[in-house]
Amino acid sequence: MRYIIATLGCKVNQYETQAMENALRSHGHLPAAEGERADAVIVNTCAVTAESGRKSRQTVRRLREEHPGAVVAVCGCYSQLEPDAVARLGADVIYGSGDRMKLVADIEAAAASGAPVRNVDEPFRRREFEELPAGNFSGRTRAMLKIQDGCANFCTYCIIPYTRGRLRSLPPADAGRQAAALDAQGYRELVLTGIEIASYGADLPGRPGLADVIVTIADAAPGLRVRLGSLEPTVITEDFCRRLADTGRVCRHFHLSLQSGCDAVLRAMNRKYDTAAFLEKTALLRRYFPGCALTADLITGFPGETEEMHADTLAFLAEVGFSQVHVFPYSRRPGTPADKMGGQLDRAVKARRAKEAAAAAERTRQAFLEGSVGQTLPVLFETAEDGWWYGHSDTYILTRARGENLRGFVKNVKITGLSGENLVGEIV
């Protein structure tokens, strides 16, 4: 079969799509060329907001129209939450957020028989972590490894615990084994991902923590540098920072799930920290990882957020000095406590506040970029264009330098200037 896969949402979805594609290829199936009609269409959906659900439905409809006669398979968080709605879209194979490796066989069966397949379970009954082959991207220089699934935080705006279920973790020894294999294949960076990796290990015997699995990976794969996915601030302690710094291999880039810079809004969101605690965490990271990049997610216009609360958030962004902030206007998600809260704001207010927060974040980003000039940063080079090699610094800034045959090499680069949002430098 010739197939097309469309992926919406987070890095975990990207990782799971790569695992499905590996399975498809192992069965002899190939991706459809551009403009070629596909025999199978797979849509890996997202449900984090109502808008994500709308885009998921829109993608299914569009691909059905573009590829008439193709088997249409839909999986992911949206189909986990709304399988009947997906069935009404005409999907032939409906999966939720689990059993990724079985999906390929069911697509083949549906293509052969024409009979529809539905495999959507109850996520809270899942007990075992579904180990998938590590995903690769960026020309076999960086790879992703999913080490955790599920979430037990139950933030008031979030539906994901209901689509992913309870916490499940990849045992440290298995994570080390997969990392060692990627190291042997020539990858130079491993991105650790999951739904909520700060809770890693709570389900495993002995309750190993996130630091334990990172140290195991670092020991097993000495040729890989390690980049962390999104972190809940609560995992950042002195011991956590010390152990990571001692490996000498953790990238100086930490993405923190902030969501608001106002304590009242954080309480309404059911977040597990306040702004003072968040600042303490950033100070710890900067002490153990000098010059590190701190990035964050932010929601503006949460129910009940006043102009004063919004102003508090803008001031907090400046106080922390993030290198980048992903700003989202609050989107109502039916089925969450926040959807039923009073004080819902209209779209224009949420959009204005998002624009103001993005402008504040851009100022701190520009300051971080300017502060990088004159520094020497380790850069993993990935692609080449017009005589320049491009790669990401350990602080996750796209950097370019001139050289020959640099793909897959980590080189120290003296940063000499900026080009838009990219760094420019010379190999030391």
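As the structure is a prediction and not an experimental result, all values here were calculated from the model.

Thresholds applied
- Here the residue index of a chain counts from 1 through its sequence in written order.
- A pLDDT threshold of at least 70 governs which residues receive local features in this predicted model, and a stricter bar of 80 or more applies before side-chain atom pairs are shown or counted, although totals over entire chains, interfaces and linings include all residues.
- Hydrogens and water molecules were not included; the side-chain quantities draw on all heavy atoms of the structure.
- Going along the chain from the N terminus, every DSSP run of H or I of four or more residues is numbered as a helix, and every run of E of two or more is numbered as a strand.
- Here, nonpolar core means buried Ala, Val, Leu, Ile, Met, Phe, Trp, Tyr and Cys residues that are tied together by side-chain atoms lying within 4.5 Å of each other.
- Residue burial is assigned from relative accessible area. The probe radius is 1.4 Å, only protein chains are included, and a residue is buried under 20% of its type maximum, exposed over 50%, and partly exposed in between.
- Residues are treated as being in contact if the distance between any of their heavy atoms lies within 4.5 Å.
- To obtain each axis, a line is fitted to C-alpha atoms, and for helices this fit is confined to the stretch in contact; angles are then taken between N-to-C directions over 0 to 180 degrees.
- By the definition adopted for this analysis, an angle is roughly parallel if under 35 degrees, roughly antiparallel if over 145, roughly perpendicular if from 65 to 115, and oblique otherwise.
- When the near helix sits turned anticlockwise from the far one by under a right angle, the crossing is termed left-handed; a clockwise turn instead gives a right-handed crossing.
- We call Asp, Glu, Lys and Arg charged. Ala, Val, Leu, Ile, Met, Phe, Trp, Tyr, Cys and Pro are nonpolar, and the rest, Gly among them, are polar.
- Side-chain atoms alone can form a polar contact between residues adjacent in sequence; in general such a contact is a pair of N or O atoms within 3.5 Å, and within protein one must be able to donate a hydrogen while the other accepts it.
- Two aromatic rings, drawn from Phe, Tyr or Trp (for Trp, its six-membered ring), form a pair once their centres lie within 6.5 Å of each other, and the interplanar angle then sorts them: stacked below 30 degrees, edge-to-face above 60, tilted otherwise.
- In this analysis, strands are considered paired if DSSP registers two or more bridges between them.
- The handedness of a crossover follows from its direction of travel: if, with the strands pointing away from the viewer, the path from the first strand over the helix to the second runs clockwise, the crossover is right-handed.

Within the fold, Gly371 resides in helix H13 (residues 347–372). Taking the C-alpha atoms as reference points, Gly371 and Glu421, separated by 50 residues in sequence, lie 13 Å from one another.

Within the largest apolar cluster, 58 residues are counted, with the highest numbers of intra-cluster contacts made by Leu145, Leu210 and Phe254. Among all residues touching Leu210, those that are not within four sequence positions of it are Ile147, Ile197, Ala198, Tyr200, Leu231, Val235 and Phe240. The next biggest cluster of nonpolar side chains, apart from the first, holds 32 residues, and it includes Leu8, Cys46, Leu63 and Phe302.

In this section: the packing of helix H12 (residues 307–320) against H13. In contact at an axis separation of 9 Å, H12 and H13 are set at 15° when each is read in the N-to-C sense. Compared by their axis directions, H12 and H13 come out roughly parallel. When the axes of H12 and H13 are compared, the crossing they make is right-handed. Residue-level contacts link Glu307, His310, Leu314, Leu317 and Ala318 of H12 to Arg352, Arg353, Glu356, Ala357, Ala360 and Thr364 of H13. Counted by class, the contact of H12 with H13 contains five nonpolar, two polar and four charged residues.

Following the sequence through the fold, Lys146 ends up in strand E8 (residues 142–149). A polar contact is formed between the side chain of Lys146 and the side chain of Glu16, at a distance of 2.5 Å. A polar contact is formed between the side chain of Lys146 and the side chain of Asp149, at a distance of 2.8 Å. Look past the residues within four positions of Lys146 in its chain and what remains in contact with it is Val12, Tyr15, Glu16, Phe129, Arg164, Leu170 and Thr193.

Counted according to the given criterion, the structure contains eight aromatic pairs. Pairing Tyr157 with Phe302 gives two aromatic rings, centres 6.4 Å apart and planes at 85°, and the pair type is edge-to-face. Placement of Tyr157 in the loop between E8 and helix H6 (160–164) and of Phe302 in the loop between strand E13 (293–300) and H12 is noted, with a sequence separation of 145 residues between them. A residue is classified by how much of its surface remains accessible, and Tyr157, at 11% relative accessible area, is buried. Looking at Phe302, the relative accessible area reads 0%, which means it is buried. Geometrically, the ring pair formed by Phe302 and Tyr330 is edge-to-face, given 5.3 Å between the ring centres and 75° between the ring planes. Here Tyr330 lies in the loop between strand E14 (324–329) and H13 and Phe302 lies in the loop between E13 and H12, a separation of 28 residues in the sequence.

We now examine the sheet that holds strand E3 (residues 40–45). Pairing in this open sheet of six strands is parallel, and the strands run E2-E1-E3-E4-E5-E6 from one edge to the other. With one partner strand each, in any of the chains shown, strand E2 (30–31) and strand E6 (117–119) form the two edges of the open sheet. Here two bridges tie strand E4 (residues 71–76) to strand E5 (residues 93–95), and the two strands are oriented parallel to one another. Residue pairing across strands places Ala73 opposite Val93, the latter belonging to E5. Here helix H1 (residues 11–26) sits on the sheet and contacts strand E1 (2–7), E2, E3 and E4; the angle it forms with E1, its principal contact strand, is near 170°.

Take the pairing of E13 next. Extensive coverage of E13 is indicated by the burial of eight of its eight residues. A two-sided burial pattern is seen for E13, the buried positions comprising Ala293, Thr295, Asp297 and Ile299 on one face and Leu294, Ala296, Leu298 and Thr300 on the other. Of the pairings in the sheet, the one linking E13 to E14 comprises six bridges and is parallel in character. Bridged to Thr295 within E14 is Gln324. In terms of handedness, the path from E13 via H12 over to E14 forms a crossover that is right-handed.

Here the focus is unusual backbone geometry. Of note in this structure, Arg207 is not a glycine but carries a positive phi near 50°. Tracing the backbone through its elements, the reader meets Arg207 in the loop between strand E10 (189–194) and helix H8 (210–220). Phi angles above zero are rare outside glycine, and Asn270 is one such case at about 65°. Given the relative accessible area of 32%, Asn270 is considered partly exposed.

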